[in-house]
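Descriptive structure summary
Read off the chains here:
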Amino acid sequence: YFETCALAISSRLPESIERGVEILSKLGIELRGGGSSMEACVQETKDLLSGYTDDEILNTRRMTDSTMIMAMKFLGKMETGMTQIMPKSAPHVMQRIIQLSLSHGM
């Protein structure tokens with residue numbers, strides 16, 4: 001995690017993101033969606049969230065899996081970097097954060 005942060009701070013965002021994707025893959029988290037448009041990704045996320053009430057989302061259980069917590073840290077860091085250099089890919093990362101939060105807790 002610290003390596004990817006250091007790369008990002010050193011203005012080496014592409015390397016930071018690439019390293020983050022590699023690490024997430026080792027943690028069993030795959031980022032898909034490179035082929036779908038930003039609009040399609042946003043619509044898929046809206047469809048996913050429409051299956052939950054506000055109360056269900058607000059009262060989601062706490063995430064306790066340490067591997068998943070670490071994966072979320074990487075995803076959050078990657079989303080920030082992707083917003084800057086790969087803005088069309090950032091929604092796919094955010095969608096994955098939402099999917100994992102709904103299934104593993106927040």
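Our subject is the structure listed above.
Because the structure is predicted, anything quoted here is derived from the model rather than measured.

Its 20 residues place the ends of helix α5 (residues 66–85) 29 Å apart at the C-alpha level, agreeing with the 28 Å of an ideal helix rising 1.5 Å per residue. If you check which residues of α5 are buried, you get Met68, Ala71, Met72, Phe74, Leu75, Met78, Glu79, Gly81 and Met82. Close packing links the buried residues of α5 with α1 (2–9), α2 (13–26) and α6 (90–104).

For the rest of this paragraph, the subject is the packing of helix α3 (residues 38–49) against α6. Running from amino to carboxyl end, α3 crosses α6 at an angle of 15°, the nearest separation of the two axes being 9 Å. The angle between the axes of α3 and α6 places the two elements in the roughly parallel class. The crossing of α3 and α6 is left-handed. Within the contact between the two elements, α3 uses Met38, Cys41, Glu44, Thr45, Leu48 and Leu49 and α6 uses Pro91, His92, Gln95, Ile98, Gln99 and Leu102. For the contact of α3 with α6, the residue count by class is seven nonpolar, four polar and one charged.

Now for the packing of α5 against α6. Two numbers describe how α5 lies on α6: the axes approach to 9 Å, and their chain directions differ by 160°. Classed by the angle they form, the pair α5 and α6 counts as roughly antiparallel. Remark: the crossing between α5 and α6 carries left-handed chirality. Listed contacts from α6 to Met68, Met72, Leu75, Gly76, Glu79, Met82 and Thr83 of α5 are Ala90, Val93, Met94, Arg96, Ile97, Leu100, Ser101 and His104. Per-class residue counts for the contact of α5 with α6 are nine nonpolar, four polar and two charged.

Right, let's talk about unusual backbone geometry for a bit. Unusually for a residue other than glycine, Ser11 sits at a positive phi of about 60°. Inspection of the secondary structure assignment puts Ser11 in the loop between α1 and α2. Here Ser11 falls in the exposed class, since its relative accessible area comes to 68%.

Our next topic: the environment of Phe74. Mapping Phe74 onto the fold places it in helix α5. Taking C-alpha positions, Phe74 is 24 Å from Gln43, a pair spaced 31 residues apart along the chain.

Each value, and the rule that gives it
- Residues numbered from 1 in each chain as written.
- Predicted model: local features only at pLDDT ≥ 70, side-chain atom pairs only at ≥ 80, totals over all residues.
- Heavy atoms only, no water.
- Helix = DSSP H or I, 4+ residues; strand = E, 2+ residues; numbered from the N terminus.
- Expected span 1.5 Å × (residues − 1).
- Buried < 20%, exposed > 50% of the residue type's maximum accessible area, 1.4 Å probe, protein only.
- Contact = heavy atoms within 4.5 Å.
- Axes fitted to C-alpha atoms, helices over the stretch in contact; angles between N-to-C directions.
- Parallel < 35°, antiparallel > 145°, perpendicular 65-115°, else oblique.
- Left-handed = near helix turned anticlockwise from the far one by under 90°.
- Nonpolar A, V, L, I, M, F, W, Y, C, P; charged D, E, K, R; others polar.

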